[in-house]
Amino acid sequence: MNYSNNIVMFDGVKKSYDGESYVVKDLNFGVERGEFLTLLGPSGSGKTTTLMMLAGFETPTQGEISLNGNVLNKIPPYKRDIGMIFQNYALFPHMTVAENVAFPLKMRKISSHEVGEKVKKSLDMVHLKGLADRMPSQLSGGQQQRVAIARALVFNPKLVLLDEPLGALDKNLRQNMQLELKHIHENLGVTMVFVTHDQDEALTMSDRIAIFNDGVIQQAASPNEIYNWPKNSFVAKFVGETNFFQAKVVSSNIGKNHIACEIMSGEVFNVYYEGRVKEKTNISLFVRPENIRLESLGVKKSENDNSIKVKIEDVNYHGDHSKVTLVGDNDIRLVSKISSAYGYSDLSGLKEAVFKASDCKVLEA
Ligand code: ADP
Ligand code: MG
């Protein structure tokens, strides 16, 4: 994929609905041509407002949005050539499937011969070939959403906006539709901006994720980077589960990109850190639960391993893994995710929670 140019630019965009508080605060970012960009964040963080401004259904209070280099602020929605898909399908109930899909073409005054052809192709793409003459009420939720997808893509827009389009579907159907949308994205080479509050969905589908909180983008990066190198504690908490430790630097240089830090229970950790930090600085560390393994006390560890003495407080079975809550000295609590493929047998007595130095990282140093 070629990300060398932006199809969309947000330039100092702010939005206030009440003239007092901003629900979107100073957005400055680009959507790269051809990418699948996800806006991920909690409810009320400004995702839909951002999408609505891009679509033209809301106006920025300040700043400019441009599409293909043209400032959009004064261009009405129907002239923006943007496809839209919403959570609640928004199909026209009195029109057949084919008429629904044909609607954007008729709005654009496409000849009826061409309309028939394009509608057929679009319904094919979402596997609804045989259902052209049904009414929306005769379709399942998943089928209705496919119609909405066909309708959003039928006029060959260069940009498609999707606002929680899979939110109303049950888990299996949702996962199938995630893959289908990904395939459509790849096959058409269209740019997609996708909104969700579901972190798994964002990690599976996206080329890039922009994490929203309180109207501000906290970090925009690839799923891998977001998960492994979260920029701040909000991102680390919102995407995946995280164990945090407050610590003090005891040695700022113990070999390449590593520092030594003492945590509240007295253990000294060997921590991965690329930056510079002074001794005695208070910092915050994190380790993902899947990187923590449980060992019997005294089992030999490798030189770069960290460990904390813990008791097992709680075990929660999740099928493919178990979540184990651990308590160390000074009431330090951590969660370890243990794959059922490895498991553990002895849950009594003291254990060591062990993790590699490279899996222990610094936040907000
Ligand atoms: P998200 O999609 O991330 O859940 P929204 O963009 O829908 O967030 O909402 C952001 C904030 O703006 C929320 O506090 C919401 O209540 C408010 N808001 C959204 N739409 C309107 C509106 N049309 N009028 C007034 N306030 C709104
Ligand atoms: Mg929303």
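This text gives an overview of the structure that appears in the document. (Residues numbered from 1 in each chain as written. Chains lettered and ligands numbered in written order. Predicted model: local features only at pLDDT ≥ 70, side-chain atom pairs only at ≥ 80, totals over all residues. Heavy atoms only, no water.)

For helix 3 (residues 112-125), spanning 14 residues, the distance from its first C-alpha to its last is 20 Å, which sits close to the expected 20 Å at 1.5 Å a residue. Within helix 3, burial applies to Val 115, Val 119, Ser 122 and Leu 123. Summarising the axial view, the buried residues of helix 3 lie within an arc of 95 degrees, below the 170-degree limit, and thus occupy one face. Turned more than 90 degrees from where helix 3 packs its buried face, His 113, Glu 117, Lys 120 and Lys 121 sit exposed. The secondary structure elements touched by the buried residues of helix 3 are helix 2 (97-107) and helix 4 (141-153). (Helix = DSSP H or I, 4+ residues; strand = E, 2+ residues; numbered from the N terminus. Expected span 1.5 Å × (residues − 1). Buried < 20%, exposed > 50% of the residue type's maximum accessible area, 1.4 Å probe, protein only. Arc of directions from axis to C-beta. Contact = heavy atoms within 4.5 Å.)

What follows deals with the packing of helix 2 against helix 4. Where helix 2 meets helix 4, the closest approach of the two axes is 7 Å, and the angle between their N-to-C directions is 30 degrees. One element, helix 2, and the other, helix 4, form an angle in the roughly parallel class. Here helix 2 and helix 4 pass one another in a crossing that is right-handed. For the pair helix 2 and helix 4, contact is made by Val 97, Asn 100, Val 101 and Pro 104 and by Val 147, Ala 150 and Arg 151, respectively. Residues of the contact of helix 2 with helix 4, tallied by class, amount to five nonpolar, one polar and one charged. (Axes fitted to C-alpha atoms, helices over the stretch in contact; angles between N-to-C directions. Parallel < 35°, antiparallel > 145°, perpendicular 65-115°, else oblique. Left-handed = near helix turned anticlockwise from the far one by under 90°. Nonpolar A, V, L, I, M, F, W, Y, C, P; charged D, E, K, R; others polar.)

Here the focus is the side chain of Gln 145. The residue Gln 145 is located in helix 4 in this model. Discounting chain neighbours no more than four positions away, the residues touching Gln 145 are Ile 85, Phe 86, Gln 87, Tyr 89, Pro 165 and Met 177.

Turning to the sheet that holds strand 7 (residues 159-163), a few remarks are in order. Spatially, 6-7-8-3-9-10 is the arrangement adopted by the six strands of the open sheet, whose pairing is mixed. Each end of this open sheet is capped by a strand with a single partner; those strands are strand 6 (82-86) and strand 10 (216-221). The sheet shows a mean angle of 15 degrees between the axes of neighbouring strands, taken without regard to direction. Strand direction decides the pairing type here: strand 3 (residues 36-40) and strand 9 (residues 208-213), joined by four bridges, are parallel. Each residue of the ladder has a partner; that of Leu 39, found in strand 9, is Ala 210. Sheet strands touched by helix 4: strand 6 and strand 7. Its angle to strand 6, the strand with the most contacts, is close to 170 degrees. In the packing of helix 5 (residues 171-188) onto the sheet, the strands contacted are strand 3, strand 7 and strand 8 (191-196), and the crossing angle to strand 8 comes to about 160 degrees. (Pairing = 2+ DSSP bridges.)

For the rest of this paragraph, the subject is the pattern of salt bridges. Tallying each qualifying case throughout the model produces twelve salt bridges. Between Asp 214 and Lys 25 there is a salt bridge, and its shortest N-O distance comes to 3.2 Å. Taken together, the positions of Asp 214 in the loop between strand 9 and strand 10 and Lys 25 in strand 2 (residues 24-32) put the pair 189 residues apart, joining distant regions of the chain. Among the ionic pairs, Arg 333 bridges to Glu 313, the shortest N-O distance being 2.8 Å. (Salt bridge = Lys/Arg side-chain N within 4 Å of Asp/Glu carboxyl O.)

Interhelical geometry of helix 2 versus helix 3 gives an angle of 115 degrees and a closest axis separation of 9 Å. Pair helix 2 / helix 3 crosses with right-handed handedness. The segment helix 2 lies against helix 3, with Val 97, Ala 98, Val 101, Ala 102 and Leu 105 engaging Val 115, Lys 118, Val 119, Ser 122 and Leu 123.

On to the site of ligand 1, then. The immediate surroundings of ligand 1 are formed by Tyr 17, Val 23, Pro 42, Ser 43, Gly 44, Ser 45, Gly 46, Lys 47, Thr 48 and Thr 49. Between ligand 1 and the protein, one listed contact pairs an oxygen atom with a backbone N or O atom of Gly 46 at 3.1 Å. Thr 49 is positioned with one of its side-chain polar atoms (N or O) 2.5 Å from an oxygen atom of ligand 1. When ligand 1 is considered free in solution it has 560 Å² of accessible area, and contact with the protein chains removes 56% of it. Partitioning the shell around ligand 1 into residue classes produces three nonpolar, six polar and one charged. (Near = heavy atom within 4 Å. Polar contact = N/O pair within 3.5 Å; in protein donor to acceptor, adjacent residues only side chain to side chain. Areas by Shrake-Rupley, 256 points an atom, 1.4 Å probe, with all protein chains shown as cover.)

Keep in mind these numbers describe shape, not what the thing actually does.
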